[in-house]
Amino acid sequence: MWLVQRDADRFTLHLRPAHDTVGPGTRALTARSLILCPGASDRQLPVPGWDLPGVMAAGGVQALLKGSGTLAGRRAVVAGTGPFLLPVATGLAAAGAEIVMVCEANPLRGWLRDPGGALREPAKAVEGAGYAALLARHAIPYRTRTAVTEIRGEDRVRSVRIAPLGRDGRPRGGVRIEVDADLVALGWGFTPSLELPLMVGARTRVDTDGSLVAVVDDRQRAGVPGVYLAGEATGVGGAALAVREGRLSGLAAAADLGRAVDEGRVRRLQRAVRRGRRFATALHTACPVPPGWTDWLEASTIVCRCEEVTYHDLCHAARDLGARDPRTLKMLARPGMGMCQGRVCGFATAQVAAALTGRSPQAGDLLALARRPLAAPVALSEIAALDETAANEEN
Ligand SMILES: Cc1cc2nc3c(=O)[nH]c(=O)nc-3n(C[C@H](O)[C@H](O)[C@H](O)COP(=O)(O)OP(=O)(O)OC[C@H]3O[C@@H](n4cnc5c(N)ncnc54)[C@H](O)[C@@H]3O)c2cc1C
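Definitions and cut-offs
- Residues numbered from 1 in each chain as written.
- Predicted model: local features only at pLDDT ≥ 70, side-chain atom pairs only at ≥ 80, totals over all residues.
- Heavy atoms only, no water.
- Phe/Tyr/Trp six-rings, centres within 6.5 Å; stacked < 30°, edge-to-face > 60°.
- Buried < 20%, exposed > 50% of the residue type's maximum accessible area, 1.4 Å probe, protein only.
- Lys NZ or Arg CZ within 6 Å of the ring centre and 35° of its normal.
- Near = heavy atom within 4 Å.
- Polar contact = N/O pair within 3.5 Å; in protein donor to acceptor, adjacent residues only side chain to side chain.
- Areas by Shrake-Rupley, 256 points an atom, 1.4 Å probe, with all protein chains shown as cover.
- Helix = DSSP H or I, 4+ residues; strand = E, 2+ residues; numbered from the N terminus.
- Nonpolar A, V, L, I, M, F, W, Y, C, P; charged D, E, K, R; others polar.
- Domains from an automatic or database assignment.
- Expected span 1.5 Å × (residues − 1).
- Contact = heavy atoms within 4.5 Å.
- Core = buried A, V, L, I, M, F, W, Y, C linked by side-chain atoms within 4.5 Å.
- Patch = residues over 30% accessible without salt bridge, like charges linked within 9 Å, V, L, I, M, F, W, Y side chains within 5 Å.
- Salt bridge = Lys/Arg side-chain N within 4 Å of Asp/Glu carboxyl O.
- Lys, Arg positive; Asp, Glu negative; His and termini not counted.
- Charge placed at Lys NZ, Arg CZ, Asp CG, Glu CD.
- Pairing = 2+ DSSP bridges.
- Axes fitted to C-alpha atoms, helices over the stretch in contact; angles between N-to-C directions.
- Left-handed = near helix turned anticlockwise from the far one by under 90°.

This part takes up the packing of aromatic side chains. To describe a pair of aromatic rings, you give the distance between the ring centres and the angle between the ring planes. Applying the stated criterion to the full structure yields four aromatic pairs. Centre to centre, the rings of W293 and W296 are 6.4 Å apart; their planes meet at 70 degrees, and the pair counts as edge-to-face. What makes W296 buried here is its relative accessible area of 5%. Members of the aromatic cluster, each reached through a chain of ring pairs, are W188, W293 and W296. Looking at R43, its charged tip hangs above the ring of F347, at a distance of 4.1 Å from the centre.

Looking now at the site of the ligand. Surrounding the ligand, one finds 16 residues, the nearest of these being M1, G39, E232, G238 and A239. In the environment of the ligand, an oxygen atom lies 3.4 Å from a nitrogen or oxygen atom belonging to the backbone of G238. In this structure, A239 approaches the ligand through a main-chain N or O atom, which is 2.9 Å from an oxygen atom. Relative to its unbound accessible area of 990 Å², the ligand is 56% covered by the protein chains. Elements with a contribution of two residues or more to the shell around the ligand: α1 (58-68) and α6 (239-256). Take the shell around the ligand: its biggest share by element is three residues, from α1. Considered class by class, the residues forming the shell around the ligand number nine nonpolar, five polar and two charged. Inspection of the shell around the ligand shows a minimum of three residues originating in each of domain 1 (3-41 + 191-286) and domain 2 (44-188).

This next bit is on unusual backbone geometry. Although it is not a glycine, A139 sits at a positive phi angle of roughly 50 degrees. Despite not being glycine, R145 has its phi angle at roughly 50 degrees, a positive value. Within the fold, R145 resides in the loop between β9 (142-143) and β10 (146-152).

Its 18 residues give α6 an end-to-end C-alpha distance of 26 Å, which sits within 8% of 26 Å, the value for a rise of 1.5 Å per residue. Inspection of α6 places L241, R244, E245, L248, S249, L251, A252 and A253 among the buried residues, and these make up the whole buried set. Tucked into the core, α6 has its buried residues touching β4 (34-36), β17 (227-229) and α7 (263-286). Downstream of α6 by one or two residues, G258 has phi in the positive range, about 95 degrees.

Formed by 44 residues in total, the largest nonpolar core has its most connected members in V77, I151 and V160. What V160 contacts, discounting residues up to four positions off in sequence, is V77, V148, E150, I177, E178, V179, A181 and V184. Listed in part, the 24 residues of the second largest apolar core include L34, L198, L369 and A375.

Here we take up helix α11 (residues 363-370). Of all the positions in α11, only D365, L366, L367, L369 and A370 are classed as buried. Here the buried face of α11 lies against α5 (195-199), β15 (204-206), β16 (212-214), α9 (326-333) and α10 (346-357).

Let us now look at a positive patch on the surface. Where like charges cluster on the molecular surface, the positive patch consists of R120, R247, R265, R267, R268, R271, R274 and R275. Here the element with the most residues in the positive patch is α7; it accounts for six residues. Considering the arrangement of structural elements, one finds R268 in helix α7. The exposure class assigned to R268 is partly exposed, which follows from its relative accessible area of 47%.

Moving on: the sheet that holds β10. In spatial order, the strands read β10-β11-β12; together these three strands make up an open sheet with antiparallel pairing. Here the strands that pair on one side only, and so sit at the sheet edges, are β10 and β12 (177-180). Shown here is a sheet whose adjacent strand axes are inclined to one another by a mean of 30 degrees, direction ignored.

The contact between helix α2 (residues 85-94) and helix α4 (residues 122-137) brings their axes to 10 Å, and the two run at 35 degrees. As for the relative orientation of α2 and α4, their crossing is left-handed in sense. Facing L86, P87 and T90 of α2, the residues of α4 in contact are Y131, L134 and L135. A class-by-class count of the residues in the contact of α2 with α4 yields five nonpolar, one polar and no charged.

Next comes the structure, spelled out in structure tokens:
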């Protein structure tokens, strides 16, 4: 779906085949209610050398492995933060790769910051213990408070520099090591895809993990009549929570359309969603993006890959041209203006802007980077056809 339009009592959805920008064009559907669950994409933090072949998002590495059994490399470093690093590392190891190290940027005791939330989902603890056993079985070194601060190589990844982190996430003095690798899987969480929710007028907030997410009530309603949201768009929380929210949305939409629904089931789902959200908050609290990560950047590090905007370009825009927020940074230095429209660099740009200007990212800053007029690429002829349809309707 590349566009959704809201009229008085219905939505018009403009759909086209995925991965096909020149084939048969758009068709339109109308609906009275809309349940949107657009998911999320891997959250990226730039680091010197991250644009070399052999550096991939952890989710991409995992998707390749699970989807087609393809090993993205033979000697891997898995780095970032959060429990998602574990299935990636153990999956690669089980498929025959050597895992040089898993670098977790945060200390494990971070989970003690919100023990009430962490214990809400006992199944997750069992899952974690299973991964710990797999790490041991494959003899995978797991280091906390450690990050990849530089990726080296000419034509592709050859080696990786790893540094211990201080409390603020900045590399601290002490032993820095360099290890050979042909694959670096970087996992810094996920960024919700908000194009469709924003098109229909959903409100947003900044979640505990620093992501912009859509606001919903206890029946997944987005505050816009007829719109329900489920899954990562309402806050990154994993597959089980997304399914619970999807079911709750379906029941709520049916009830609002006048169908009889089992209110007992609604209440059970609401409790399950609350448990899942509490756990997700504990996870985000335990595994934040290290606040000092921008210290890893060098002047020549590319932040926006589409427009080849370097860290130096952003510093210049902030210090010499007076950009005080991500939107102005975008106007002056062009991060997020290319093909991906900030899907890859938006979060990092907001964080760099915050570090350069000394103000924490606001919801409005992230909104400016998340709002996109189209949710997917389309041919100009399809947009023109849309105008013709509207003009015909007006006539
Ligand atoms: C490789 C990988 C492994 C994972 N492993 C685990 C795990 O072990 N345990 C766990 O709890 N979680 C895991 N997750 C996270 C889990 O997949 C998500 O939490 C869950 O899928 C979220 O569900 P969702 O419905 O919000 O989004 P998704 O399942 O991502 O579904 C979103 C769907 O919307 C579609 N979409 C988006 N925009 C548009 C548009 N404009 N038009 C049409 N369609 C659109 C997407 O193509 C996608 O099919 C993993 C994620 C990845 C990437």
